Each structure stands twice: as structure tokens, then as C-alpha cells.
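So the chains spell out like this:
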Amino acid sequence: MALARREGMKAGDRLVEQRLADALDLSRAPIRLGLKALEAAGLARGEPHRGFVLAKNPTSGAAQPALAAVRRSEQVYTTIAGDVLASRLPADVTEAELLRRYDLSRAELQRLLDRIAAEGWIARLPGYGWRFAETVSSPEAQAQAKAFRAVIEQAAIAQPGFALAQEVITRLRERQQRVLDGELEKMTIGEIFHSGCEFHEEIIRGAGNPFFVEALKRVNSIRRLFAYRSFADREGMRRHVREHLRLLDLLEGRHYAEAAELMTRHLQRPLVDNRHSRLA
């Protein structure tokens with residue numbers, strides 16, 4: 001439902017399994033379970049020859065309980081991320097400790113641990129407990145991730161044969177414009193981060209080289225942890241989105257050298273102005 005809201009979907013729009021799987025980086029099996037859960041909640045319905053469609057607008061009152069569950073999960077995730085970055089959690093933790101500390105049910109904790117493990121900043125210990133990756137709490141990790149992205153993302157645009165289909169540019173522009181026009185205030189920090197990742201991953205696909213895409217996805221999974229500090233600055237995010245729109249203008253005009261230069265500046269510029277905030 002959060003994805004449907006980001007996409008500006010309305011009641012009656014198709015919920016295409018493969019498109020959802022690609023957007024959420026999942027296989028189709030959990031997507032199918034999610035669609036059935038939405039159907040049971042009255043938020044989606046199956047139609048002959050169409051599959052599932054939205055039964056309610058994602059901005060409607062009926063959708064709010066589902067979106068509240070997303071926000072609850074994001075709040076706990078944000079708290080854990082902040083505690084890891086601030087070294088308030090030991091490197092090795094048990095599920096019992098996490099259940100007590102964050103007042104979670106076992107099912108809620110398992111979903112969070114599965115998500116964090118998939119993102120690469122926690123791993124199950126042999127037999128008992130979990131261990132946070134050392135790199136995620138390293139003060140150098142964020143700068144290293146930013147430097148890596150500045151290299152590969154501008155290099156992808158500079159590749160011979162780089163091209164983005166007009167339909168991709170149009171879709172990305174519509175998404176970014178919706179964010180700028182007011183959607184930003186309704187989005188969780190996790191949704192803002194996911195939107196930014198989608199934007200940059202779509203652009204890097206224009207190089208036609210899967211190694212660029214996989215490398216960016218990997219660094220994004222680690223970078224998510226830092227995002228909960230910098231992405232809280234909504235004004236900084238608006239500046240970022242305006243640059244996204246400018247970048248799309250350059251790509252649409254096939255001014256690739258200029259677009260590559262802008263991408264480098266874009267990735268090197270901090271989201272948060274250190275003169276006004278200590279979040280960065």
C-alpha cells in the first residue's frame with residue numbers, strides 16, 4: 001500500500017505481481033501472499049483475466065491501518081539503526097534482549113531481523129544470537145559509500161551506448177514531481193530512501209551493464225542505515241529532488257557529459273547543511 005501511494009495509484013489499478021516483485025526486490029511468492037492479505041483486508045480484489053486490482057485508494061481511510069503497520073515497523077527499524085550507529089547496542093545480541101528492549105512480539109522481531117539480515121548489516125551467529133556487521137558502525141563507512149557511488153554512477157552515464165527510454169524518464173519525473181508537490185510530507189523515512197534508491201538504480205540501468213546495478217544495490221543496502229540520520233531533513237530532501245529533476249532534463253536531452261558531472265556533484269553534496277544541523 002505504501003508503494004501504491006508512492007506510485008499515485010488509484011482504486012481499480014492493476015497490482016501486477018512481477019512489477020511489485022521488481023519494485024520491492026522480492027520473489028513473486030511473498031508478493032502473492034501479500035496480495036491475498038490485502039484482499040482479505042478489503043484493500044485489493046481478484047478479477048478474472050486481470051489478476052489483483054486495488055479496491056481502495058491508498059490515501060483512503062480504509063488503507064490507514066495497513067500504512068500504520070508500515071510506520072510502526074519503520075519506527076522500530078529507525079530506533080535500532082540509531083542505536084547501532086550510536087553504539088548503544090553490543091555487537092552481539094540475542095533475540096530475547098531485542099524483544100525486551102524494543103517491546104516487540106516474536107513475529108515482529110523476526111520480520112525485522114529478516115529485513116536487516118537481507119540488507120547485510122546483521123548476521124545470525126552459529127547456534128545462538130546475532131552479530132551486527134562492523135562496517136555499519138564505522139565512521140568511515142558513510143564517506144566510503146558516498147565516494148564509491150560518485151565513481152560508479154557518473155561512470156555509468158559516461159558509458160558508450162548509455163540510454164534511458166523515454167517512458168522511464170517520464171515515469172521517474174512523475175514520481176519525483178509527486179514527491180516535490182507534497183508527497184514528501186506523507187512519506188516515512190524508509191519510503192523516502194526507497195524512492196531515492198529506485199531513482200538512481202533506474203538511471204544506472206541505462207548503461208546496460210548488470211554489474212553496475214548489482215554494485216549500487218549492494219551499497220544501497222548498507223547505506224540505508226545511515227539514511228535515518230540524513231533523510232530526516234525534509235528541506236535537504238527537496239533540494240535533492242530538484243536535482244533529480246534537473247538530471248532527468250539533461251538525460252532526456254542526451255547531454256550525458258553534463259549529466260555525469262551533475263551526478264558527481266549531486267552525490268558529493270551533503271543532504272544536511274552542517275551549519276544548521278548535526279544530523280549529517
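Parameters and conventions
- Residues numbered from 1 in each chain as written.
- Predicted model: local features only at pLDDT ≥ 70, side-chain atom pairs only at ≥ 80, totals over all residues.
- Heavy atoms only, no water.
- Pairing = 2+ DSSP bridges.
- Helix = DSSP H or I, 4+ residues; strand = E, 2+ residues; numbered from the N terminus.
- 1 Å grid on protein atoms, 1.4 Å probe; cavity = no way out; pocket = protein on both sides within 12 Å on 5 of 7 lines; lining within 4 Å.
- Points joined across faces, edges and corners; volume = space filled by probe spheres on them.
- Nonpolar A, V, L, I, M, F, W, Y, C, P; charged D, E, K, R; others polar.

(A) Broad picture of the sheet that holds strand S6 (residues 130-132). Spatial ordering of the open sheet is given by S4-S6-S5, a layout of three strands whose pairing is antiparallel. Strands at the two margins of the open sheet, each flanked by one partner only, are strand S4 (92-93) and strand S5 (122-124). Across three bridges, the pairing between S5 and S6 is antiparallel. From the neighbouring strand, alanine 123 faces S6, where its bridge partner is arginine 131.

(B) Spotlight on the pairing of strand S2 (residues 44-47). Two strands pair when backbone bridges link them, and S2 and strand S3 (residues 51-54) are joined in this way by four bridges, in the antiparallel orientation. Along S3, the bridge assignment pairs arginine 45 with valine 53. Adjacent in sequence and paired antiparallel, S2 and S3 are bridged by three residues, among which histidine 49 carries a positive phi angle near 65°.

(C) View of empty space enclosed by the protein. Considering all chains together, one arrives at one cavity of 30 Å³ or more under this definition. Lining the largest cavity, in full, are Arg6, Arg175, Arg178, Val179, Glu183, Met187, Ser195 and Glu198. Those elements that provide at least two residues to the lining of the largest cavity are helix H8 (166-180) and helix H9 (189-204). With three residues, the top contributor of residues to the lining of the largest cavity is H8. Split by residue class, the lining of the largest cavity holds two nonpolar, one polar and five charged.

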